Amino acid sequence: MAITLSKEQLIHEIAGIDRRQKGTVFSSEVIGKILGHPQPWRTLKKDELIQVLEAWNHLLESCPKTADWKRIERGDRQVSLLADGHPWVDYFGFPSLKSAELFLEEVLPHCDWAIIRKSGKRVNASFECKVWGLIPDSLQAIGPQRLEVCTR
């Protein structure tokens, strides 16, 4: 998909995505995963904004087109959504923004994308980390203290 928006339009588009997701979709850590150098998205050049927006659009385009969605409760602070039996997105709940941010840093190398937002209807916690494309069995590589916080 070719993006032909001005820099101001790109900034407006990214801010709108953050609002719709009710969280920080384009964190410095996610920017680092995409571009190789973490920085706030508002400081990016136009071509970098395009890369980041294209990465987000690619993630959304890869969303399974099915009516067979299943919610798997893995505790009151961990929920997975499966499409046709395959994991699509996982939610991890945390009592504080700081604990969610620490988890985000550790989970990013093991997934496609992750965001932090105030917890919604998925988990019983103050904040949640929504994680797309979590590599199966990768939770063992994440610090046990991070998972302990979200599975209590």
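Bear in mind the structure is a predicted one, so any value in this text is a computation, not a measurement.

1. A few points about the confidence of the model for the protein chain
1) Next: Averaged over all residues, the pLDDT of the protein chain equals 87, while 90% of them reach at least 70.
2) Next: The secondary-structure element of the protein chain with the lowest mean pLDDT is helix H5 (residues 144–151), recorded at 51, while helix H3 (residues 46–61) shows the highest, at 95.

2. Remarks on the pairing of strand S3 (residues 78–83)
1) Next: For S3, a buried count of six out of six residues is recorded, marking the element as mostly surrounded by other parts of the structure.
2) Next: Side-chain alternation along S3 places Gln78, Ser80 and Leu82 on one buried face and Val79, Leu81 and Ala83 on a second face that is also buried.
3) Next: With five bridges joining them, strand S2 (residues 69–73) and S3 adopt antiparallel strand pairing. Residue pairing for S3: Glu73 is matched across the bridge by Val79.
4) Next: As consecutive antiparallel partners, S2 and S3 are separated by four residues, and within that stretch Gly75 has a phi angle of approximately 130°, a positive value.
5) Next: Bridge count for S3 against strand S4 (residues 86–94) is six bridges, and the pairing is antiparallel. Bridging across to S4, Ala83 finds its partner in His86.
6) Next: From the end of S3 to the start of S4, which pair antiparallel, there are two residues, and Asp84 there has a positive phi angle of about 50°.

So, how was this worked out
Residues numbered from 1 in each chain as written. Predicted model: local features only at pLDDT ≥ 70, side-chain atom pairs only at ≥ 80, totals over all residues. Heavy atoms only, no water. pLDDT = per-residue confidence, 0-100. Helix = DSSP H or I, 4+ residues; strand = E, 2+ residues; numbered from the N terminus. Buried < 20%, exposed > 50% of the residue type's maximum accessible area, 1.4 Å probe, protein only. Pairing = 2+ DSSP bridges.

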